[in-house]
Amino acid sequence: MTVHTSRSPGPDAAGDGAGRRGTGRGTDPGTGRGAARGKGRGSGPGADRGSGRGAGRSAGQGAGRGSGAPAGRLRRAVTTHWYAWAMVAPVVAVIGVIIGYPLVRGVYLSLTDADERNVERSIGVNHLPATYEFVGLDNYADALTGSQFLSTLGWTLVWTVSCVGVTFALGLGLANMLNRRIAGRSVYRMLLILPWAVPGFVSVFAWRFLYNEDRGFLNRLLAGGGIDAVPWLNDPTWAKFSVIAVNVWLGVPFMMVALLGGLQSIPGELYEAAEMDGAGAWQRFRHITMPGLRAVSTTVVLLSTIWTFNMFPVIFLLTRGGPGEATQILVTQAYKFSFEISPRDFAQSSTWGVLILVLLMLFAAVYRRVLVKQGDTW
Amino acid sequence: MRRGITATALAATLALAATACGGDGDSGGGGSAGGELSGTVTWWDTSTVGSEDKVFKKLAEGFTKQHPKVKVNYVNVPFGEAQNKFKNAAQSGSGAPDVIRSEVAWTPEFADLGYLAPLDGTPALKDDADFLPQAAASTKYDDKTYAVPQVIDSMGIFYNKKIFKDAGVEVPTNIGELKSVSKQIKDRTGKTGLYLRGDDAYWFLSFLYGEGGDLVDAGAKKVTVDDAAGVKAMTVVKDLVDSGAATTDATDGWENMQAAFRDGKVAMIINGPWAVADTYTGAQFKDKANLGIAPVPAGSAAQGAPQGGHNLAVYAGSKNLNASYAFAEYMTSAESQATVAKELSLLPTRNSVYARPEVADNEIVGFFKPVVDKAVERPWIPETGSLFAPLVTEYTKVLTGQTTPRKGVEATGDSYRDLLKDWK
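Let me begin by describing the structure that accompanies this report. (Residues numbered from 1 in each chain as written. Chains lettered and ligands numbered in written order. Predicted model: local features only at pLDDT ≥ 70, side-chain atom pairs only at ≥ 80, totals over all residues. Heavy atoms only, no water.)

## Things to note about the packing of aromatic side chains
Here the structure, examined in full by the defined rule, presents 39 aromatic pairs over all chains. A centroid spacing of 5.6 Å and a plane angle of 75° characterise the contact between Trp 207 of chain A and Trp 249 of chain A, whose relative ring orientation is edge-to-face. Of the two residues, Trp 207 of chain A is situated in helix α9 (residues 200-211) and Trp 249 of chain A in helix α11 (residues 236-264); the sequence distance between them amounts to 42 residues. Among the residues examined, Trp 249 of chain A registers a relative accessible area of 34% and is labelled partly exposed. Ring geometry for Trp 203 of chain B and Trp 274 of chain B: centres 6.2 Å apart, planes at 85°, overall edge-to-face. Of this pair, Trp 203 of chain B sits in the loop between β9 (192-195) and α9 (205-210) while Trp 274 of chain B sits in the loop between β13 (266-271) and α12 (276-280), and the two are 71 residues apart along the sequence. Look at Trp 203 of chain B and you get buried, because its relative accessible area is 4%. Chaining the aromatic ring pairs together yields one cluster made of Trp 44, Phe 79, Phe 86, Trp 106, Phe 110, Tyr 115 and Tyr 315 of chain B. (Phe/Tyr/Trp six-rings, centres within 6.5 Å; stacked < 30°, edge-to-face > 60°. Helix = DSSP H or I, 4+ residues; strand = E, 2+ residues; numbered from the N terminus. Buried < 20%, exposed > 50% of the residue type's maximum accessible area, 1.4 Å probe, protein only.)

And the structure:
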């Protein structure tokens with residue numbers, strides 16, 4: 001919405017804003033609300049802007065007249081749609097409680113020095129009040145200037161890019177293969193979706209057994225071929241490889257199914273026409289398949305990036321971030337601050353959580369901007 | 001009309017959900033009606049599943065024989081998770097047990113956080129003059145007693161006598177011998193000498209003490225892990241792994257260590273009495289006499305293993321405090337300790353129990369008692385339980401070659417100074 005507002009002609013928008021602010025300071029609170037509503041729907045057609053400007057003018061002329069129209073509309077909206085509002089209210093309340101409150105609380109904790117020893121505790125008859133203090137942005141300064149956050153972020157980016165890249169490539173390859181008419185196609189499709197059907201923690205535990213250096217299946221297999229045992233989870237570099245491999249294994253089914261859906265929505269006539277024109281297999285893939293998958297692939301890449309960036313179970317259950325801190329990503333480190341070290345550092349954990357949120361929001365905004373620039377309506 | 005019904009149904013569902021959320025709070029309803037204890041006591045045990053837990057469960061449920069109206073709810077929580085699980089439950093005030101088997105280093109921390117009920121003057125402490133002084137030390141915090149000592153332990157070398165015989169070697173007494181013995185075992189039998197746990201820094205302590213170091217000096221309020229002895233100890237463990245004398249893992253250390261030793265793939269492990277029952281379940285130790293135990297190898301400066309053990313502590317928010325006190329007393333009584341020592345070879349915390357014939361005859365107990373007497377006592381400050389998290393990260397990093405011994409202990413020391421405000 002903000003994008004559209006900023007696109008409106010300069011002087012007009014400025015006058016508009018000033019007018020609204022003037023009204024907001026006016027005596028009649030109803031006008032302020034009306035104006036705010038106008039602003040909230042800023043992307044709408046001219047009529048909306050008009051009402052905002054009307055309110056602006058009214059600030060000079062007389063607050064009463066200008067406020068009548070928006071307030072009336074509000075009342076009309078309430079009288080005609082009261083039932084819809086009533087139905088939506090529980091959802092809004094629930095979301096406010098389960099998402100809004102923890103979010104606000106997390107942001108607040110990140111601005112304090114809260115840890116296990118100074119938060120409020122109530123144990124039987126003992127009641128210990130909270131004694132933590134507001135420390136402003138100190139936690140953020142510490143996180144961003146220290147080496148730990150940046151080095152963890154570096155590995156988190158490597159992890160995210162390689163997981164999403166490999167998963168997408170494999171998913172695309174498999175989807176293309178399974179989109180052809182081959183014998184037993186539906187069986188293959190079913191089998192390839194299996195990793196997705198098994199609960200994540202079960203498959204991660206299974207992989208942990210497979211990776212065991214002395215007793216694991218993978219090393220026994222290698223020993224059969226006369227190859228020395230590989231320290232899958234005990235060597236920092238191998239551990240990085242191993243966690244990425246498991247996440248790719250878990251992520252491919254989703255990619256494949258999504259891309260297969262995309263492939264099936266590309267009309268067959270396009271390929272036929274291209275073949276008539278003498279286009280080769282690569283040309284057909286490059287100029288029909290890829291553009292045809294664009295809408296699906298942009299969405300799955302965005303989703304997959306966000307999921308992988310915050311892929312807690314794979315790292316936590318496979319290596320707990322180890323050996324040392326070699327595979328620690330931002331979320332597992334934030335968990336460690338809050339639950340594994342003692343005294344538990346709630347403030348630092350929240351700080352990392354907020355930074356993760358900000359990073360992902362930045363990523364989504366930039367990603368979307370790039371798509372919009374390339375002419376996608378998203 | 002239909003709309004009205006939907007709206008009512010919705011409201012009813014919400015109301016139901018709300019009441020369902022509010023409806024917990026079992027375990028209570030106890031106390032001593034007319035002097036007789038009743039209600040439920042939930043006990044979180046942390047003993048090894050598959051060997052120790054059966055004995056403790058049976059023993060705990062025997063409490064009902066003395067107090068027929070009390071129901072004992074035995075819950076086994078894996079040792080590695082118990083500290084965090086208890087903290088979560090204790091802080092939120094829901095789901096916490098009445099009695100917890102608290103490791104010695106956890107006890108001052110829980111007490112400092114206000115989670116434990118002080119036991120002075122309660123029935124939980126009976127004949128407390130009988131307790132070994134070093135076992136009782138970890139239960140005191142801020143001049144109050146917050147737990148009852150249940151078992152005490154230390155560490156030694158567990159070795160497979162048959163492999164040693166096959167290789168024709170004697171038990172090593174210091175690090176140098178440990179290396180040469182391991183090499184001979186490798187050459188003559190193809191087995192690895194030692195399994196060194198790389199994912200738990202508790203197993204590093206005997207090497208640190210061997211070089212004359214310690215984590216902190218609580219008397220002088222000084223962090224000592226990063227002094228010369230600390231660097232030396234890290235160098236020693238790194239060299240053991242690099243030279244092939246020892247094998248290690250960065251994950252699943254306990255399972256891998258026990259499996260490798262039980263199956264006769266390694267000749268030695270460093271471990272404590274808590275591992276005896278599990279070790280006896282292995283194919284190599286069907287004949288219990290095959291298990292040999294010796295003191296930990298000495299370093300260049302000293303020989304020492306950490307003193308550990310477990311206490312029973314009562315949760316301050318327990319709804320059934322009286323029965324919990326009685327339960328803690330029952331579990332740490334001389335009779336109960338004798339049963340545990342006899343069946344699991346765990347060391348009693350009461351002086352009088354060692355004199356009983358069934359305990360005096362136990363070889364493992366007989367070996368460990370002098371070790372415990374000489375074991376290095378850790379400072380019982382609330383932060384003692386917090387010292388391992390930073391150390392294990394660096395310890396694993398050193399063993400896997402991600403940092404040098406010096407940088408490893410320096411990073412550990414820095415985190416200790418953050419943790420222990422105003423320490424040198």
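## Some words on the interface of chain A and chain B
Taken together, the contact pairs 34 residues of chain A with 36 residues of chain B. Between chain A and chain B, the buried area comes to about 2,900 Å², and carbon and sulfur atoms account for 46% of it. The largest share of the area that chain A buries against chain B comes from Arg 117, Ile 123 and Ser 342 of chain A, three residues that together contribute 19% of it. At the boundary of chain A and chain B, one finds four salt bridges. For Arg 208 of chain A, the salt bridge is made with Asp 252 of chain B, and the minimal N-O distance between the two is 2.3 Å. Counting every contact that joins chain A to chain B gives 13 residue pairs in polar contact (both at pLDDT 80 or more). Listed by contribution, the elements that provide at least two residues to the side of chain A that touches chain B are α5 (63-109), β1 (121-123), β2 (126-128) and α15 (330-340) of chain A. Residue composition of the side of chain A that touches chain B, grouped by class: 15 nonpolar, seven polar and twelve charged. (Contact = heavy atoms within 4.5 Å. Buried area = accessible area lost by both parts, 1.4 Å probe. Salt bridge = Lys/Arg side-chain N within 4 Å of Asp/Glu carboxyl O. Polar contact = N/O pair within 3.5 Å; in protein donor to acceptor, adjacent residues only side chain to side chain. Nonpolar A, V, L, I, M, F, W, Y, C, P; charged D, E, K, R; others polar.)

## Let's talk about helix α8 (residues 175-189) of chain B
Residues and elements named next belong to chain B. With 15 residues, α8 should reach 21 Å at 1.5 Å per residue; the first-to-last C-alpha distance of 21 Å fits that figure. N-capping of α8 is provided by Asn 174, with a side-chain oxygen placed 3.1 Å from the backbone N of Gly 176. Two residues or fewer past α8, Gly 190 is found with a positive phi of approximately 80°. (Expected span 1.5 Å × (residues − 1).)

Functional significance is not addressed by these values, which are geometric in nature.
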